[in-house]
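The residues making up each chain are set out below.
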Amino acid sequence: MKKPVVTRFAPSPTGFLHIGSARTALFNWVFARKHEGKMLLRIEDTDRVRSTKEATQALLDGLSWLGLDWDDEPISQFSRAARHAEIAHQLVAAGKAYKCYCSPEELTEMRETARAEGRPPRYDGRWRERDAGQAPPGVAPVIRIKAPQNGEIIVSDLVQGNVTFRAQNLDDFILLRSDGSPTYLLAVVVDDHDMDITHVIRGDDHLTNAARQSLIYRAMGWQEPQMAHIPLIHGPDGAKLSKRHGALGVDAYRKMGYLPEALRNYLARLGWAHGDDEYFTTGQMVEWFELADVNKGASRFDFVKLANLNGRHIREADPEYLFAAMRDLAGELEREHDRKGLVAHRNSVISALPDLQPRAKTVLELIDLAQFIYATRPLGMDEKAAGQLNEQTRSMISDVIGSLERIEDWNAENINTAVREFAGKKELKLGKVAQPLRAALTGKTVSPGVFEVMALLGKTESLARLGDQAL
RNA sequence: GCUCCCUUCGUCUAGCGGUCCAGGACGCCGCCCUCUCACGGCGGAAACACGGGUUCGAGUCCCGUAGGGAGCACCA
């Protein structure tokens, strides 16, 4: 019987869920779901200064919004410090690790001479075989692993393939600091082991750590989990993702009006492909996902493509769902006028949405497009709309009102017929009539079809808005 | 500097030795639809980093060069 898959997402609480971490979380989640396993959450909160309760909560909120749920209770790495230390001491007792009494000054000196001689800066193992009896008085030691001095360490990685490191390039790194706290390398291994993690899926910035961590597994005689180091995301200029390009928290994407399903879709497409499929649901993603199909190279973050994908998800989305997203976003952005307008005209907005959806790439744009519905008379005109209205078009509007008033069954089709008849009689192209009407009805030059707009607004409101601009 | 990884249109990618004068998507350009803007449809420009091998045959395998990235802490 195969062991059930257990993955983990192990972020440090920096105050928000970074977009790159979000993708790592997504891959862990998809993989676990695909194999009907678990995704555990471990908060790497050993840095006590940064690890506030709020920062952790922000992380959980980000995951929840993205729709990535986790199994069991999140584990605090810090809370396991005693267990980490226990393992370090066990390793010393077993002769697989040792105490080192070097002072920070000695280490700095070691690094500097190594660098000067063109060697990699690494610890020279001077306490490796020395007796503890020679320890200088009053110095608290660190515990270092006794790393093999020759041979190869092969990290067999589901994404990167077999990556070989020469043992001589790895030094006796520290497991336990002189204050008794564990280093990251130790903590991760012990936690992953204790949590029964079967697959470690993380950013490839950890690839060299994998070799070091492998040493700890060996020393303990523990079975190593499967490794999968996924490539990082770069900014549009190919450099590391920075604040300037897209290294934002997922909350920032929410505020820009992206849908979580679109973000999942886009993030998955960055470095992973299933043939030529570009647009897919999360269910398909779970069905199709294979670590073997993850690319090795980093990819650049492209907002334009994200927007395109978001537009497609908006087009396919259910109006009720989108309405909720619009209302919530208006609330979050403290756009009270929009929030109230949306809520007050809920039904009109929902029935207008099928006309709005193909025109929007973000939820923000959806809100802007819906504004004409709850705009109050007399409507404000944007610059271009104002340009549509002059003496001539205003008097035309009053003529149109006459034709429209006679419509008994107020629907788009009848309005269409009436306006076309009017244009025909006046020998005007439809556009010459429709554009000024649009301006008067919506205050903008861009909107769904004017007939649909009038049908949506109702006869009374439509005629009143037209009347406001008529001469 | 050292270690490791990467390199197909501007970008994301398909390609797993012949079916590739390299396919899709975004973006861009043109046309169509059309009351505006979108959506949609049709068409177009646009790439195997370079140099050596291996092979009957290389985008696909190997080596080198160049370029890019990541990692080298008593950080995580």
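Just so it is clear, the model here is predicted, and its values are computed rather than measured. Within any chain, residue numbers begin from 1 and follow the written order of that chain's sequence. Labels are handed out in written order, letters beginning with A for the chains and numbers beginning with 1 for the ligands. Restriction of local features to residues with pLDDT of at least 70 applies here, the model being predicted, together with a cutoff of 80 or more for giving and counting side-chain atom pairs; totals for whole chains, interfaces and linings are based on all residues. In computing side-chain properties, one takes all heavy atoms of the structure into account and sets aside hydrogens as well as water.

### Structural notes on the sheet that holds strand S4 (residues 97–100)
Thought 1: Strands were regarded as paired on the criterion that DSSP finds at least two bridges between them. Secondary structure follows DSSP: runs of H or I at least 4 residues long count as helices, runs of E at least 2 residues long count as strands, and numbering of each begins at the N terminus. Read across the open sheet, the 3 strands follow the order S4-S5-S8; overall the sheet is antiparallel. Each end of this open sheet is capped by a strand with a single partner; those strands are S4 and strand S8 (174–176). With strand direction ignored, the average angle separating the axes of adjacent strands in the sheet is 45°.
Thought 2: Taken together, the 4 bridges between S4 and strand S5 (residues 142–145) define a ladder with antiparallel strand orientation. Note that in S5 the partner of Lys99 across the bridge is Ile143.
Thought 3: When checking whether two residues touch, look at their non-hydrogen atoms; a contact exists if any pair is within 4.5 Å. Lines fitted to C-alpha atoms define the axes here, with helix axes fitted over just the stretch in contact, and angles between the N-to-C directions of these axes take values from 0 to 180 degrees. Together, S4, S5 and S8 form the strand contacts of helix H3 (residues 81–93), whose direction differs from that of S8 by roughly 120°.

### Description of the nonpolar core
As a rule of thumb, soluble globular proteins bury nonpolar side chains together.
Thought 1: With 51 residues, the main nonpolar core has Met326, Leu404, Leu437, Met454 and Leu466 as its most contacted residues.
Thought 2: Of all the secondary-structure elements, those providing two or more residues to this core are helix H11 (319–332), helix H13 (346–356), helix H14 (363–374), helix H16 (391–405), helix H17 (412–426), helix H18 (430–442), helix H19 (450–457) and helix H20 (459–469).
Thought 3: Among the elements that line this core, the one with the most residues is H14, at 8 residues.
Thought 4: Just so you know, the domain bounds were taken from an automatic or database domain assignment. When residues of this core are sorted by domain, at least three fall in each of domain 2 (250–370) and domain 3 (383–469).
Thought 5: Once residues lying within four places of it in the same chain are set aside, the contact partners of Leu404 are Trp410, Ile415, Ala418, Val419, Met454, Lys459, Leu463 and Leu466. Put simply, a nonpolar core is a bunch of buried Ala, Val, Leu, Ile, Met, Phe, Trp, Tyr and Cys residues held in one set by side-chain atoms that sit within 4.5 Å of each other. Only protein chains enter the accessibility calculation, which uses a 1.4 Å probe; a residue is then buried when its area is under 20% of its type maximum, exposed when over 50%, and partly exposed in between.

### Details of the protein's contact with RNA strand B
Thought 1: Any residue with a non-hydrogen atom lying within 4 Å of a molecule or strand is treated as near it. Near RNA strand B there are 63 residues, and of these Arg177, Gly271, Glu278, Pro358 and Arg359 occur at the shortest range.
Thought 2: Here the atoms of RNA strand B within 4 Å of the protein split so that 70% fall in sugar or phosphate, with bases taking the remainder.
Thought 3: Between RNA strand B and Cys102, the relevant distance is 3.3 Å, taken from a base nitrogen to a main-chain nitrogen or oxygen of the residue.
Thought 4: We call two N or O atoms a polar contact when they sit within 3.5 Å, provided that within protein one can donate a hydrogen and the other can accept it, with sequence-adjacent residues counted only if both atoms are side-chain atoms. Contact between RNA strand B and Asp276: a base nitrogen at 2.7 Å from a side-chain N or O atom of the residue.
Thought 5: Contributions of two or more residues to the surface near RNA strand B are made by helix H4 (104–116), strand S7 (161–166), helix H6 (207–220), strand S12 (299–300), helix H10 (303–316), H18 and H19.
Thought 6: With 5 residues, the top contributor of residues to the surface near RNA strand B is H18.
Thought 7: Throughout, the ten residues Ala, Val, Leu, Ile, Met, Phe, Trp, Tyr, Cys and Pro are labelled nonpolar, Asp, Glu, Lys and Arg are labelled charged, and all others, Gly among them, are labelled polar. Class assignment for the residues of the surface near RNA strand B results in 21 nonpolar, 23 polar and 19 charged.

### Structural notes on H20
Thought 1: All of the buried residues in H20 are Ser462, Leu463, Ala464, Arg465, Leu466 and Gln469.
Thought 2: Against the buried residues of H20 lie H14, H16, H18 and H19.

### Re the pairing of strand S1 (residues 6–9)
Thought 1: Along S1, one buried face is formed by Val6 and Arg8 and the opposite face, lined by Thr7 and Phe9, is buried too.
Thought 2: Two strands pair when backbone bridges link them, and S1 and strand S2 (residues 38–43) are joined in this way by 4 bridges, in the parallel orientation. Of the residues in S2, the one forming a bridge with Thr7 is Met39.
Thought 3: Remark: the S1/helix H1 (residues 19–34)/S2 crossover connection has right-handed handedness. Here the term right-handed applies to a crossover when the path leading from its first strand over the helix to its second strand runs clockwise, the strands being oriented away from the viewer.

### Examining the domain arrangement of chain A
Thought 1: Looking at chain A, the domain boundaries give domain 1 (79–230), domain 2 (250–370) and domain 3 (383–469).
Thought 2: Distance from the C-alpha centre of domain 1 to the C-alpha centre of domain 3: 75 Å.

### Looking at the pairing of strand S6 (residues 152–157)
Thought 1: Taking every second residue as pointing to the same face, the buried face of S6 carries Ile153, Val155 and Asp157, while none of Glu152, Ile154 and Ser156 on the other face is buried.
Thought 2: Summarising the sheet, S6 and S7 pair through 6 bridges and their orientation is antiparallel. Looking across to S7, one finds that Glu152 is bridged to Arg166.

### Brief notes about the packing of aromatic side chains
In this description, an aromatic ring pair is defined by two values, namely the gap between the centres and the angle between the planes.
Thought 1: A pair of Phe, Tyr and Trp rings is counted when the ring centres sit within 6.5 Å of each other, with Trp represented by its six-membered ring. The angle between the planes then sorts it: under 30 degrees is stacked, over 60 is edge-to-face, the rest tilted. Applying the stated criterion across every chain, the model contains 10 aromatic pairs.
Thought 2: Where Tyr253 meets Phe303, the ring centres are 5.9 Å apart and the plane angle is 10°; that geometry is what we call stacked. With a gap of 50 residues between them, Tyr253 in helix H7 (residues 250–255) and Phe303 in helix H10 connect regions that are remote in the sequence.
Thought 3: By relative accessible area, which is 24% here, Phe303 ends up partly exposed.
Thought 4: Where Trp272 meets Phe289, the ring centres are 5.5 Å apart and the plane angle is 40°; that geometry is what we call tilted. Here Trp272 is found in the loop between helix H8 (260–269) and helix H9 (282–288), whereas its partner Phe289 is found in the loop between H9 and S12, with 17 residues between them in sequence.
Thought 5: Residue Phe289 is classed as buried on the basis of its relative accessible area of 2%.
Thought 6: Through a chain of ring-to-ring contacts, three or more aromatic side chains come together here, namely Phe27, Trp272, Phe280, Trp288 and Phe289.

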